[in-house]
Amino acid sequence: MRIAPSRSRILRGGTAAVAAAALVALGAVPALAADPEPDLGVGTIAPVKGVQPGSSFSTPLTFLNKGTAEVPEAWVTYAVSPGLEADETHKNCTYYTIGSYDEMPASNVASCKIDQPLKPGVVYRTAKPVSLKALDSAFRDNLRVSIGVHEPGPDDGGSTEPVPGTGDPLTLVEEGPATDADRTNHPEAYARADVTAANTADFALTGDEKQGKVGEKVTATVKFANKGPARVQGLPDESVTTVDIHIPEGTSVVKPHDFCEVITKTHYRCGTSQSWVNVNGGESYPFVLRIDKAVGRTTGEVSFTGQERPFDRNAENDTAQIVIDTGEDEGTAGSSGSSGSSGSNGSTGGTGGSSSTGGSGSTGSTGSTGGTAGTSGGSADTGGATAGGATPQTGGNLAATGSDSTAPLIGMAAAAVAAGGGILWAVRRRSAAQDG
């Protein structure tokens, strides 16, 4: 399930359009002669697997001047995702954090000035491997390295105040003339490697319980939370998880949450605002529901769906319920109200059910069950509460009356539910309008 588009993405697109227009305008001006940009490359970085949270690890970095002229100085930048950070600092580097923006997660960045010349056609490596630390939240992380001749600055996400390092400077040493294999291994001025840690994350769902009367609106909120200890990064532009929400019987949706798409009139599927979820982060999905019919205590199931979660080893909080107390079941209330006199006759004599009112068909039958409904109505409410806690099937409320004469009512109710459940709504994505 793709994440909902955000206004920040639109803003970024607008900025790109302005920049493109500026470039077009500059293209109309005769270009001045300029030195060609140096052709620098970063060596391919091997993935790092099985890191233990709280431990440190190091990785060697190599660089190649693929051009024909010497480069007097360079800037090496390495950035890591939020589960990692620099384990040691260098005094020719500054360290800062770029916050998340658009669909980009936060990054911890080191920007280092390499104040030494890089000869053409020579492979260089860091004098010491770059040392990094896996935080307690480490799980699906990454390392990104780039080299250039201009000092990098904070991007669209802004950054914290840069802090200079204190350790020995980060320097490069020659490895030797580049071979054809070296040139292939340094294709671009940047490289990326995945870093995976042996960690777990507990995804949890929380339901809601509301009470109201027929015609009233209530807001029931389902919550998804990552209880950690790991921060979880999903696939780019995809929801980190999806949640199925089933609407309780007797209610209808007035307004679903913007991150939710309709599957049927009683079934919604909800995604996340980003492709990652931080520790103690998550989503809230408020649904405005209208109570259309009094059916007692009614429930709707909530559960995770979509991609597997092998990192989540606690299944106890993977499901939840929306519980709505809609008031006394209309079936029992209606029969006792409409045939109140026959109800009293039923209580006065055992012939109430078989009296002349019985000749009027089902009305006589409901008259005879009027007294029974009075007692079974209480047990139905109790049965509904029991079903709400264990088996949230609202049909159990009707079956709980335990009267054979209610079979026609059960049949009609089942047909109505089947007809309502068979109506499919067109699946469409709601865009997430985010303020500020």
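None of these values were measured; they are calculated from a predicted model.

## Quick notes on the sheet that holds strand β7 (residues 93-98)
Then, in step 1: On the basis of which strands lie adjacent, the open sheet formed by 7 strands has the order β2-β14-β11-β5-β8-β7-β12 and mixed pairing. On the outer flanks of this sheet lie β2 (48-51) and β12 (163-164), each paired with one strand and no other.

## Here we look at the packing of aromatic side chains
Then, in step 1: Following the criterion strictly, the structure yields 6 aromatic pairs and no others.
Then, in step 2: Between the aromatic rings of Phe-139 and Phe-311, the centroid separation amounts to 5.5 Å while the plane-to-plane angle is 65 degrees, which identifies the pairing as edge-to-face. With a gap of 172 residues between them, Phe-139 in the loop between β10 (130-134) and β11 (140-148) and Phe-311 in the loop between β25 (297-305) and β26 (319-325) connect regions that are remote in the sequence.
Then, in step 3: In this structure Phe-139 comes out as buried when scored by relative accessible area, which is 12%.
Then, in step 4: Judged by its relative accessible area of 6%, Phe-311 falls in the buried class.
Then, in step 5: Considering the side-chain rings of Phe-203 and Phe-224, the 5.0 Å spacing of their centres and the 70 degrees angle between planes classify their relative orientation as edge-to-face. Taken together, the residues span a long stretch of sequence, with Phe-203 in strand β15 (residues 201-206) and Phe-224 in strand β17 (residues 217-229) at a distance of 21 residues.
Then, in step 6: On the basis of relative accessible area, Phe-224 is assigned to the buried category, the value being 2%.
Then, in step 7: Chaining the aromatic ring pairs together yields one cluster made of Phe-139, Phe-203, Phe-224, Phe-304 and Phe-311.

## Here we look at the environment of Tyr-285
Then, in step 1: Summarising the element assignment, Tyr-285 is placed in strand β24 (residues 282-291).
Then, in step 2: Residues Tyr-285 and Gly-207, 78 residues apart in the sequence, show an inter-C-alpha distance of 9.9 Å.
Then, in step 3: In contact with Tyr-285, other than residues within four places in its own chain, are Ala-220, Thr-221, Val-222, Phe-224, Val-243, Ile-245, His-257, Phe-259, Cys-260, Cys-270, Gly-271 and Thr-272.
Then, in step 4: At a separation of 2.6 Å, a polar atom in the side chain of Tyr-285 contacts the main-chain carbonyl oxygen of Gly-271.

## Points about unusual backbone geometry
Then, in step 1: Of the consecutive residues Gly-228 and Pro-229, the connecting peptide bond is found in the cis state with omega at 5 degrees.
Then, in step 2: On the secondary structure map, Pro-229 appears in strand β17.
Then, in step 3: One non-glycine residue, Asp-102, lies in positive phi territory at about 45 degrees.
Then, in step 4: Position of Asp-102 relative to the elements: it lies in the loop between β7 and β8 (107-114).
Then, in step 5: Despite not being glycine, Asp-237 shows a phi value in the positive range, around 65 degrees.
Then, in step 6: If you trace the backbone, Asp-237 turns up in the loop between β18 (232-233) and β19 (242-246).

## Details of the nonpolar core
Then, in step 1: If you look at the biggest cluster of nonpolar residues, it comprises 35 residues, and the most contacted ones within it are Phe-63, Tyr-78, Leu-143, Val-145 and Ile-147.
Then, in step 2: With 31 residues, the next largest nonpolar core counts Phe-203, Ala-230, Val-243 and Ile-324 among its residues.

## So, the sheet that holds strand β3 (residues 56-59)
Then, in step 1: One open sheet accounts for 3 strands, arranged β3-β10-β6; its pairing is antiparallel. The open sheet has two edge strands with one neighbour each: β3 and β6 (84-86). Geometrically, the sheet is characterised by an average inter-axis angle of 35 degrees between neighbouring strands, direction not taken into account.
Then, in step 2: Looking at chain direction, β6 and β10 are connected through 3 bridges and run antiparallel. Paired with Glu-85 across the two strands is Lys-133, which belongs to β10.

Conventions we followed
Residues numbered from 1 in each chain as written. Predicted model: local features only at pLDDT ≥ 70, side-chain atom pairs only at ≥ 80, totals over all residues. Heavy atoms only, no water. Pairing = 2+ DSSP bridges. Helix = DSSP H or I, 4+ residues; strand = E, 2+ residues; numbered from the N terminus. Phe/Tyr/Trp six-rings, centres within 6.5 Å; stacked < 30°, edge-to-face > 60°. Buried < 20%, exposed > 50% of the residue type's maximum accessible area, 1.4 Å probe, protein only. Contact = heavy atoms within 4.5 Å. Polar contact = N/O pair within 3.5 Å; in protein donor to acceptor, adjacent residues only side chain to side chain. Core = buried A, V, L, I, M, F, W, Y, C linked by side-chain atoms within 4.5 Å. Axes fitted to C-alpha atoms, helices over the stretch in contact; angles between N-to-C directions.

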